Amino acid sequence: RYERRWWQREKLQDADAEHRRIVLHFYQATRLDPPPHPLLHGQKEGAYVHVVEVDAFLSCPRLKELAEALRLVGGKSLHVLAWDFEMGIRECQKKIEEAYGVSLRLKYIPREIMQPNYTPDLAQFFEPGQVEAVVISNKDGSLDVELKDFMPAMGDLRTEEQAELLKKHRPFDFIDFWGVDFQYRLDKPFEYHWHSYRTRKDRSLALRSSAHWREPTDQIGVKVIDVFGIDTTVVLKI
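Definitions and limits used
Residues numbered from 1 in each chain as written. Predicted model: local features only at pLDDT ≥ 70, side-chain atom pairs only at ≥ 80, totals over all residues. Heavy atoms only, no water. Pairing = 2+ DSSP bridges. Helix = DSSP H or I, 4+ residues; strand = E, 2+ residues; numbered from the N terminus. Axes fitted to C-alpha atoms, helices over the stretch in contact; angles between N-to-C directions. Buried < 20%, exposed > 50% of the residue type's maximum accessible area, 1.4 Å probe, protein only. Salt bridge = Lys/Arg side-chain N within 4 Å of Asp/Glu carboxyl O.

Draft legend 1. The sheet that holds strand β4 (residues 77-82), seen in detail. If you trace the five strands from one edge of the open sheet to the other, you get β1-β2-β3-β4-β5, paired in mixed fashion. The strands lining the two open edges of the sheet, one partner per strand, are β1 (30-31) and β5 (103-108). Where strand β3 (residues 47-51) and β4 come together, four bridges link them in parallel fashion. What sits directly across from Val-51, in β4, is Leu-81.

Given below as structure tokens:
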């Protein structure tokens, strides 16, 4: 975030419009001027495009606001480009798509666009992955977390290419690191009370934590980092 703030201040002269122009350029989307709605900044492949501010993350309320804007102009599909996403954004996305009857695609803005001489043909806008995890209640009354399923972040691969890739590998093969914050809160940094990761010599990965957490908690944060370097997070309610 600090790197982005510096980039916006020094290179973009704090201009949100310039930030949107650059992101749309690297996404190879057409800038809409004037747009049919203030929240719909561009268009690509028949879908509208929204660019989240450089110093913000995509929240569930913002996503709902975008779905309402899309429905107002009669649109059916929207690509949302953001630097970061609220934890559990995938669950929120599914509910909003069902409620509004629209298609939403969420994509990370690659940090490489801040580098000089970087070109649109190199830019990869990865979609957030999806992780399914459950809370385990141990016999001694302590808590742990187990991963049940995972879908890695994918770039602009066609659906058949993704299917072919997933045929050759188990979903968990795409995980490089994962950790658990047993007292997760949105207003504090993510704290790793337990984690598991692969090394060059040991490629195994624990799919169930061994923290035996006993302190009071009402929600648990789970963060997975895949082999593409993309974070996927989910919040588990107790």
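Draft legend 2. Main features of the sheet that holds strand β8 (residues 175-181). Strand order in the open sheet formed by four strands is β9-β8-β10-β11, with antiparallel pairing between adjacent strands. Both edges of this open sheet fall to β9 (194-197) and β11 (231-237), since each of them pairs with a single strand only. Strand after strand, the sheet turns through a mean of 10 degrees between neighbouring axes, direction not considered.

Draft legend 3. Examining unusual backbone geometry more closely. Asp-33 connects to Pro-34 through a cis peptide bond whose omega is 0 degrees. Relative to the helices and strands, Pro-34 resides in the loop between β1 and β2 (42-44). A positive phi angle, close to 50 degrees, is found at Glu-45, a residue other than glycine. The exposure class assigned to Glu-45 is exposed, which follows from its relative accessible area of 70%. For His-212, which is not a glycine, the phi torsion comes out positive at approximately 50 degrees. Secondary-structure assignment places His-212 in the loop between β9 and β10 (219-226).

Draft legend 4. Structural detail: the pattern of salt bridges. Counted by the stated rule, this structure contains ten salt bridges. Residue Arg-62 is joined to Glu-53 by a salt bridge in which the shortest nitrogen-to-oxygen separation is 3.2 Å. Of the charged contacts in the structure, one is a salt bridge between Arg-170 and Asp-173, with a shortest N-O distance of 3.7 Å. On the accessibility criterion, Arg-170 (49% relative accessible area) is partly exposed. Of the residues examined, Asp-173 reaches a relative accessible area of 33% and is grouped as partly exposed. Salt bridges sharing partners connect three or more residues here, namely Arg-90, Arg-105 and Glu-127.

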